[in-house]
Amino acid sequence: MSAIFEDHDTDRQVNTKWWASRIAIYAALLTWTVICLFPIFWTITTSFKLAPDVMKGNLIPWWDFTPRWKGWESIGLSPRLIGEVSTVREEFLKRFWNSAIISISASLLAVVLGSLAAYGLSRFNYRFGFMRNSDISFFFLSQMILPPVVLALPFLVLYKSLALLDSRVGLILLYTLMVLPIVIWIMRDQFHGIPIELEEAALVDGLGIWGAFMQIVLPIALPGMVAAFILSLVLCWNEYFFAALLTSSNASTLPVMVASQTGSQGINWWSMAALSSAAILPLIFVAIVLEKYIIKGMAAGAVK
Amino acid sequence: MNTEGDLLHTVTADNISDARRRLGKAMVWGTALLCAALALWQMAFETGRVASGFDNWRPILYAYVFWAIALCAAQVVVNGEKGKRTLFVLPAALFVISLVVFPLLFALYISFTDWNLASPNGPQPNGWDNLIEMWNDGFYWNALKNMVYYVLAVSVEYVIAFGLALLLNAQIRARKFFRVVFLLPLMLSPVAVSWMIGKSMLEVRFGPISRLIRELGGEPSFFGTPEIARFMIMAMDAWTFIPFMMIMLLAGLQALPKEVLEASKVDGATGWQSFKEVIFPLMLPVSVTAVVIRIIFKLKLADVIINVTSGGPGGATDSVTSFIFREYRDRSNVGYGTLLAMVYLVLIVIFVTLLLKVVSRWMERPA
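Since the model is a prediction, treat every value here as computed from it, not as a measurement.

Along chain A, the regular secondary structure elements total twelve helices and zero strands. Counting from the amino terminus, chain A carries its helices and strands in the arrangement α-α-α-α-α-α-α-α-α-α-α-α. Taking 19 Å as the expected radius of gyration for a compact globule of 304 residues, we find that chain A reaches 26 Å, considerably beyond that expectation. With the C-alpha coordinates aligned to their principal axes, the bounding extent of chain A is approximately 75 × 75 × 35 Å. Residues classed as buried in chain A amount to 53% of the 304 residues present. The long-range fraction of contacts in chain A, counting pairs at least 24 apart against all pairs at least 6 apart in sequence, stands at 68%. Accessible surface, chain A: about 13600 Å² in total, of which carbon and sulfur atoms supply 68%. Across chain A, 20 positive and 19 negative side-chain charges occur, with their mean positions spaced 8 Å apart.

Dropping the structure here:
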């Protein structure tokens, strides 16, 4: 039966064009998805492989190789070893704790200091000597361009004389310094977005400026603070340079542990893979759960 | 912000008595004196003039922190309401100044000494020797040259990131899924990435990519020749940081005024035309911010290089930071390494200032 309603030729052309663009878009999206996910997939699957699997290049679990816990056993985290005492696991957990404590405290400290400074700069006019508000902001933000390598050595010497070398406090201070400009950048933007009338109303109602800040502004700015906190957390968790120079046995973090294992390469890929997976999994989890905040934080300064 | 007067205007009648003022001043000066006295005493102890002293400088640090707290408290005591306002910025400012300015001054001193951690003499000033050594150090200039390449690679990253942002902004299903997936590489630590990609996926014998290349009939060699090795480092760094620019650009795309885009569509612009004439110009401010920040991050590039190639082959992949890291680590050449770092800092400051000047001139708005 010939169609009664037949599309005009030009309409059909548009239709195929639309489909072509659809297919192109999804093809590009899927290609990049593979590029993003394959290294992660590879690392996690490799941590369940045995030497022959690695050498034969087997890729898909249960299809061309049977997953084994060998890699995870090497850091003491497998169903079989979880109940037993294991020195490697303690070693790993110690590093993990160091990383967690250092990055969380540094981010907290940076968010507190940074939010206060950003709030002050967005509401009041300061004069410290020749420095006006814009100069002070610039002073804070300019810390971003300071390469870590410039500070590394003075801190090495300074920490040695302060007995802060290889201590968590030392790293926390440095990491706070490192993420502070970013926090101030994000929070300044957040506070600019909060209408000043709110605080004025609070002041009229008898709160002081600190009271208005704590009770009125903070709750509104909380999502922004969470965003800044998460971004700082990611940066601190992944930091390697300072940790490698300033810590040795007590306070060294996960990246340092991963890096020190790569030196002794050999063929025990499964243990390296397990270690790398354990180092990246917490952040992958954070990314999936708190994606909204991370994007919010990064988008903050971009759009004025 | 150039508005005169406070945005949040407060009127308070502060009647601060002279006694209160004096108390505030006494707090600051008293703690400062305590800190200075302790420091002098410890210095005398270390040079052997006083018999007893502390094991380390930690007590002086405590005294310094005590002084900082007293300084903050004194603001309120002396200035009342105005002091409470200062209290917002002062802690962060003190923190940054004590952690940046003092170490930088110290670094300036070290960089003109011949200090090697292995030598027993400690730091000895050696005038301009380090600068002359730097002038003749081919590896340092080579590292600087590599930094130029690495910074130029940002342009390619920008194109890819813009493309991905456009894709994510298009009418697609499962946008949230793709956004999370595209964000993931940014979450991974460069050290883990350097193992995951640099040392295992690119491993010549068993790595999946080597295998793929061999299947296709090629002979995999990723870190053998300088050009390919440098490209591989760039690719790994790009892989981690493209999401960063992508998110910023995506935020910019989503903030574009819809009316303008619709108007261009009504006027019959094709997709490419509306991109070239409307989207791209409107996105310029966001693009510039993203690229400048990315360049600033790029200038610190080191982790991947340290862990994958340690600068090899023949310094082809060295960044300035990784080069100085090895100078510390392997040769303990503290004085010379610090000078290199200081020179690098000066170069960066000049470069970034020029960049911002050019950008703000070009955009005709204050940076």
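Enumeration over the complete set of coordinates arrives at 36 aromatic pairs over all chains. Taken together, a centroid distance of 6.5 Å and an interplanar angle of 85° make the contact between Phe124 of chain A and Tyr126 of chain A edge-to-face. Take Tyr126 of chain A: its relative accessible area is 5%, and that puts it in the buried class. An angle of 85° between the planes, with centres 5.6 Å apart, marks the rings of Trp135 of chain B and Trp141 of chain B as edge-to-face. Residue Trp135 of chain B is classed as exposed on the basis of its relative accessible area, which comes to 62%. Overall, the relative accessible area of 36% leaves Trp141 of chain B in the partly exposed class. Counting every residue linked through ring pairs, the aromatic cluster contains Tyr119, Phe124, Tyr126, Phe191, Trp210 and Phe213 of chain A together with Phe88 of chain B. Positioned over the ring face of Tyr293 of chain A is Lys292 of chain A, at 5.3 Å from the centre of the ring. When the ring centre of Phe297 of chain B is taken as origin, the NZ or CZ atom of Lys300 of chain B, which lies over that ring, is 5.7 Å away.

Our next topic: the interface of chain B and chain A. Each side of the interface is counted separately: chain B has 101 residues, and chain A has 100 residues. Between chain B and chain A, the buried area comes to about 9400 Å², and carbon and sulfur atoms account for 79% of it. Summed over the three residues of chain B that lose the most area to chain A, namely Leu8, Phe88 and Trp195 of chain B, the buried surface amounts to 10% of that side. Where chain B meets chain A, there are two salt bridges.

So, about the nonpolar core. Ranked by internal contacts, the top residues of the largest apolar core, which has 205 residues, are Phe140 of chain A together with Phe182 of chain B. With near-sequence residues (within four places) excluded, Phe182 of chain B lies in contact with Leu29, Trp32, Thr33 and Cys36 of chain A together with Leu164, Leu168, Pro243 and Met246 of chain B. Within the second largest apolar cluster, nine residues are counted, among which are Val28, Leu71, Cys72 and Leu90 of chain B.

Here helix α7 (residues 168-192) of chain A crosses helix α3 (residues 81-110) of chain B at 115°, and the two axes come no closer than 11 Å. The angle between α7 of chain A and α3 of chain B places the two elements in the roughly perpendicular class. In this structure, α7 of chain A crosses over α3 of chain B, and the sense of that crossing is left-handed. Contact with α7 of chain A, carried on its side by Leu173, Leu174, Thr176, Leu177 and Leu180 of chain A, involves Ala92, Phe95, Val96, Leu99 and Val100 of chain B of α3 of chain B and no other residues of that element. Looking at the contact of α7 of chain A with α3 of chain B residue by residue, the class counts come to nine nonpolar, one polar and no charged.

What follows covers unusual backbone geometry. Residue and element names in this part refer to chain A. If you check the backbone angles, Ala163 has positive phi at about 55° while not being a glycine. Structurally, Ala163 is set in the loop between α6 (148-162) and α7. Phi is positive for Asp166, close to 60°, though the residue is something other than glycine.

Here Ile197 of chain B is to be found in helix α7 (residues 190-201). Along the chain, Ile197 of chain B and Ile209 of chain B lie twelve residues apart, while their C-alpha atoms are 9.4 Å from each other. Dropping the residues within four chain positions of it, Ile197 of chain B is found in contact with Pro39 of chain A together with Leu202, Met236 and Trp239 of chain B.

This part covers the packing of helix α1 (residues 9-46) of chain A against helix α12 (residues 269-300) of chain A. Residue and element names in this part refer to chain A. Where α1 meets α12, the closest approach of the two axes is 7 Å, and the angle between their N-to-C directions is 125°. Relative to α12, α1 is oriented oblique. Handedness of the crossing formed by α1 with α12: left-handed. Residues Ile40, Trp42, Thr43, Ile44 and Thr46 of α1 form the contact with α12, whose own contacting residues are Trp269, Trp270, Ala273, Ser276, Ser277, Leu281 and Ile284. Looking at the contact of α1 with α12 residue by residue, the classes come out as eight nonpolar, four polar and no charged.

The next subject is the pattern of salt bridges. All told, the structure shown has twelve salt bridges over all chains when counted by the stated rule. One salt bridge in this structure joins Glu291 of chain A and Arg179 of chain B, with 2.8 Å as the shortest N-O distance. Here Arg179 of chain B lies in helix α6 (residues 175-187) and Glu291 of chain A lies in helix α12, a pairing that spans two chains. Each member of the pair, Glu291 of chain A together with Arg179 of chain B, is buried. Across the pair Asp237 of chain B and Arg294 of chain B runs a salt bridge, and its minimum N-O distance is 2.8 Å. Of this pair, Asp237 of chain B sits in helix α9 (residues 226-254) while Arg294 of chain B sits in helix α11 (residues 271-298), and the two are 57 residues apart along the sequence. Judged by relative accessible area, which is 5%, Asp237 of chain B ranks as buried. Relative accessible area serves as the criterion here: at 1%, Arg294 of chain B is assigned to the buried category. Linked through salt bridges whose partners overlap, the residues forming this network are Glu157, Asp237, Arg294 and Lys298 of chain B.

The subject of this paragraph is the side chain of Arg230 of chain B. Residue and element names in this part refer to chain B. Structurally, the position occupied by Arg230 is in helix α9. Polar side-chain contacts of Arg230 include one of 3.3 Å to the side chain of Asn146. Not counting chain neighbours up to four residues away, the residues in contact with Arg230 comprise Asn146, Tyr149, Tyr150, Ala316 and Thr317.

Now for the state of the cysteines. Scanning the entire structure with this criterion turns up zero disulfides over all chains. Note on Cys35 of chain B: no disulfide assigned, nearest cysteine sulfur contributed by Cys72 of chain B at a separation of 14 Å.

Here the focus is the confidence of the model for chain B. Residues with a pLDDT of 70 or more make up 96% of chain B, whose mean pLDDT is 85. The least confident element of chain B is helix α4 (residues 129-135) of chain B, whose mean pLDDT is 84; the most confident is helix α5 (residues 138-169) of chain B, at 92.

How each quantity is defined
- Residues numbered from 1 in each chain as written.
- Chains lettered and ligands numbered in written order.
- Predicted model: local features only at pLDDT ≥ 70, side-chain atom pairs only at ≥ 80, totals over all residues.
- Heavy atoms only, no water.
- Helix = DSSP H or I, 4+ residues; strand = E, 2+ residues; numbered from the N terminus.
- Rg over C-alpha atoms; globule rule 2.2 N^0.38 Å.
- Buried < 20%, exposed > 50% of the residue type's maximum accessible area, 1.4 Å probe, protein only.
- Contact = heavy atoms within 4.5 Å.
- Areas by Shrake-Rupley, 256 points an atom, 1.4 Å probe, with all protein chains shown as cover.
- Lys, Arg positive; Asp, Glu negative; His and termini not counted.
- Charge placed at Lys NZ, Arg CZ, Asp CG, Glu CD.
- Phe/Tyr/Trp six-rings, centres within 6.5 Å; stacked < 30°, edge-to-face > 60°.
- Lys NZ or Arg CZ within 6 Å of the ring centre and 35° of its normal.
- Buried area = accessible area lost by both parts, 1.4 Å probe.
- Salt bridge = Lys/Arg side-chain N within 4 Å of Asp/Glu carboxyl O.
- Core = buried A, V, L, I, M, F, W, Y, C linked by side-chain atoms within 4.5 Å.
- Axes fitted to C-alpha atoms, helices over the stretch in contact; angles between N-to-C directions.
- Parallel < 35°, antiparallel > 145°, perpendicular 65-115°, else oblique.
- Left-handed = near helix turned anticlockwise from the far one by under 90°.
- Nonpolar A, V, L, I, M, F, W, Y, C, P; charged D, E, K, R; others polar.
- Polar contact = N/O pair within 3.5 Å; in protein donor to acceptor, adjacent residues only side chain to side chain.
- Disulfide = S-S within 2.5 Å.
- pLDDT = per-residue confidence, 0-100.

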